[in-house]
Amino acid sequence: MGGEMTQTSSPVRGAVGLITLGVLSALGYVYLFRLSLEDLSPRTSQPELITLFLITYFILFGLYLLLITPLVWKPGLDPRHLWFGIAFGLLFRAILLPSDLILENDIYRYLWDGHTQHQGVNPYRYAPSEPETRDYRTDYFQQINYKYVPTIYPPTLQMIFFLSEGVYPGSVVGMKFILLIFDALTIFLLLSLLEALNKPPEWCLIYAWSPLVIKEVANSGHADTVSACLLVGFFLLLAKGKPLCSAAVLAAMTLTKFFGVFLLPLLHRQWNYWTYVFFFAAILFLYAPFLAPGVNPFAGFMAFSNEWQFNAGVYELFSFSFARFGGFEPGAASMLTRRTLFALVLLTAAWQALRLYWRPGLEQTMRSTFIVLGALLLCSPVMNPWYLVWMVPLMCVFPNKSWIALTGLVFLSYTYYYDLSFPWWVKATEFGVFFFLLLDDALPWRRNGAPVALPTLSSR
């Protein structure tokens, strides 16, 4: 945090304020639960139900801001009240655990991958729509998204899907429960990490109360919470001086979301040569059960990387510019954009790795991770709301108003399901407000001593 803390009165400084916000938020999640019992599937949702969902979400997001803004500007929450806050965060998750999915269905692919493994079939061998899968199709088969594409989910997630199918066969709630274990563990790991970094422990509530995290995990059952949990565990192990253990955890995290490879250049001050060797050995070990003749475990991921596009801001701006001003055909403009932005992310990682030669330390490494992963997410051709789940733990260490705002703004992308297209104002609002806030804190006369690379919610 840059500058001196503002001496303001916090509405959550006492138990009454915290409980009031908690009860109001709980009522909001109860309403979301009741709303989920309506038909809110991605394919058949009624516009008025989507509107009610978005209104409810933004009310919850407003209550969330009322909680965290004073805690960021003036840390010092009573430890007893912190545990009240964590308890409320767990309660919100419990309310949504049995809810029906809202505008999501990715979890059915998770169930399918676990099911095929229990049938003795490599999940990377067939796309669900292929004739070879007919003998073991389930009653939720029609709910599976993109049945013509082999699974994109790496081995760490496949092992979790296998576990869920073994304990709760074919159960959406069972899968969500297992993912919520990782989600809850993230909260408690954040407490330990914040203590190790000498940061206010109440900043863990940025994650614990995040409506984005709660909706996308407890309701929608997205596995990105596993990535978030392992990312926090990785940094905690670095803080405790256990590089080999951190390498194993980073390998496991990389095989939930491949973004883990972008962290490797940033670890040259924490890891030695043998730690890197151990990391790649762990990657091979985790992939080993899924390697077989005729099986390409990257086929689904490559199809996703080359074809998918959704709610992209920077990507669409570049692609439009190449087509409009460069004279490229749409397909060529898209491919050039992907390559250009990928190169930009690599340059960002290289720049941050170079900076760490002169500014070493765990906190600086985490700051560089925030910058690199933020660049990767902003340059991606796909910006789904749940992708931000693995960014929120970093916001607990570096509270940043632009990124926290984006966890609310990104839900405007659900307006796509009104008629399977985006209203003209959605992306302009979503990314325009985000970049305005990012620029506002980055301007020299607005930083008041905050770090140049990553502005924070500091006093003016």
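This structure is a prediction, so every number in the text was calculated from the model and none was measured.

Draft legend 1. Examining a nonpolar patch on the surface more closely. There is a patch of nonpolar side chains on the surface, built from Ile 19, Val 23, Leu 24, Leu 27 and Phe 84 and spanning about 420 Å² of accessible area. Looking at which element gives the most residues to the nonpolar patch, the answer is helix H1 (residues 15–36), with four residues. Within the element layout of this structure, Val 23 appears in helix H1. What makes Val 23 partly exposed here is its relative accessible area of 41%.

Draft legend 2. Region of interest: the packing of helix H14 (residues 330–358) against helix H15 (residues 362–379). The N-to-C vectors of H14 and H15 enclose an angle of 175°; their axes lie 9 Å apart at closest approach. Looking at the two axes, H14 sits roughly antiparallel to H15. Contact residues: Leu 341, Leu 344, Val 345, Thr 348, Ala 349, Gln 352 and Leu 356 in H14; Gln 364, Thr 365, Ser 368, Ile 371, Val 372, Ala 375, Leu 376 and Cys 379 in H15. Within the contact of H14 with H15, the residues separate by chemical class into ten nonpolar, five polar and no charged.

Draft legend 3. Highlighting the nonpolar core. Leu 205, Ile 206, Trp 209, Phe 235 and Trp 403 are the most contacted members of the largest nonpolar core, which has 150 residues in total. Ranked by the residues each element gives to this core, the list is headed by helix H2 (residues 47–73), at 13 residues. Setting aside residues up to four positions removed in sequence, Leu 205 forms contacts with Tyr 64, Leu 67, Ile 68, Leu 71, Leu 77, Leu 82, Gly 85, Ile 86 and Ser 210.

Draft legend 4. Highlighting the environment of Gln 309. Of note, Gln 309 is situated in the loop between helix H12 (299–307) and helix H13 (314–326). Between the C-alpha atom of Gln 309 and that of Ser 334, which follows or precedes it by 25 residues, the distance is 9.9 Å. With residues near it in sequence (within four places) discarded, Gln 309 still touches Tyr 315, Glu 316, Pro 381 and Val 382. Side-chain polar atoms of Gln 309 contact the side chain of Glu 316, separated by 3.2 Å.

Draft legend 5. Inspection of the pattern of salt bridges at higher detail. Taken as a whole, this structure holds nine salt bridges when the rule is applied. With its nearest N and O atoms 3.7 Å apart, the salt bridge here joins Glu 363 to Arg 367. In this pair, Glu 363 and Arg 367 are both assigned in helix H15, four residues apart and thus about one turn of the helix distant. Residue class for Glu 363 comes out partly exposed when judged on its relative accessible area of 26%.

Draft legend 6. Region of the structure containing unusual backbone geometry. The backbone phi angle of Leu 103 is positive, close to 55°, even though this residue is not glycine. Among the structural elements, Leu 103 can be located in the loop between helix H3 (79–96) and helix H4 (107–118). Looking at Leu 103, the relative accessible area reads 0%, which means it is buried. At Asn 311, a residue that is not glycine, the phi angle is positive and equals roughly 55°. Tracing the sequence through the fold places Asn 311 in the loop between H12 and H13.

Draft legend 7. Geometry of the packing of helix H10 (residues 243–254) against helix H11 (residues 273–287). One way to put it is that H10 packs onto H11 with a least axis distance of 8 Å and a crossing angle of 40°. Relative to H11, H10 is oriented oblique. At the point where H10 passes H11, the crossing takes the right-handed sense. Of the residues in H11, those touching H10 at Pro 243, Leu 244, Ala 247, Ala 248, Leu 250, Ala 251, Ala 252 and Thr 254 are Thr 275, Phe 278, Phe 279, Ala 282, Ile 283 and Leu 286. Of the residues assigned to the contact of H10 with H11, the class counts are twelve nonpolar, two polar and no charged.

Draft legend 8. Layout of the side chain of Arg 338. With respect to the element layout, Arg 338 can be found in helix H14. Comment: no salt bridge for buried Arg 338; closest opposite-charge side chain is Glu 307, at 8.4 Å. Leaving out residues up to four positions away in the same chain, Arg 338 has contacts with Ser 305, Asn 306, Glu 307, Trp 308, Tyr 315 and Pro 381.

Draft legend 9. Layout of H4. In this model H4 runs 17 Å from its N-terminal to its C-terminal C-alpha over twelve residues, within 8% of the 16 Å that 1.5 Å per residue would give. For H4, the tally of buried residues reaches eleven of twelve residues, placing the bulk of the element in the interior. For H4, the full list of buried residues reads Ile 107, Tyr 108, Arg 109, Tyr 110, Leu 111, Trp 112, Asp 113, Gly 114, His 115, Thr 116 and Gln 117. In this structure, the buried side of H4 is in contact with helix H5 (155–167) and helix H6 (172–196). Just beyond H4, the residue with positive phi is Gly 120, at close to 80°.

Cut-offs and rules
- Residues numbered from 1 in each chain as written.
- Predicted model: local features only at pLDDT ≥ 70, side-chain atom pairs only at ≥ 80, totals over all residues.
- Heavy atoms only, no water.
- Patch = residues over 30% accessible without salt bridge, like charges linked within 9 Å, V, L, I, M, F, W, Y side chains within 5 Å.
- Areas by Shrake-Rupley, 256 points an atom, 1.4 Å probe, with all protein chains shown as cover.
- Salt bridge = Lys/Arg side-chain N within 4 Å of Asp/Glu carboxyl O.
- Helix = DSSP H or I, 4+ residues; strand = E, 2+ residues; numbered from the N terminus.
- Buried < 20%, exposed > 50% of the residue type's maximum accessible area, 1.4 Å probe, protein only.
- Axes fitted to C-alpha atoms, helices over the stretch in contact; angles between N-to-C directions.
- Parallel < 35°, antiparallel > 145°, perpendicular 65-115°, else oblique.
- Contact = heavy atoms within 4.5 Å.
- Nonpolar A, V, L, I, M, F, W, Y, C, P; charged D, E, K, R; others polar.
- Core = buried A, V, L, I, M, F, W, Y, C linked by side-chain atoms within 4.5 Å.
- Polar contact = N/O pair within 3.5 Å; in protein donor to acceptor, adjacent residues only side chain to side chain.
- Left-handed = near helix turned anticlockwise from the far one by under 90°.
- Lys, Arg positive; Asp, Glu negative; His and termini not counted.
- Expected span 1.5 Å × (residues − 1).

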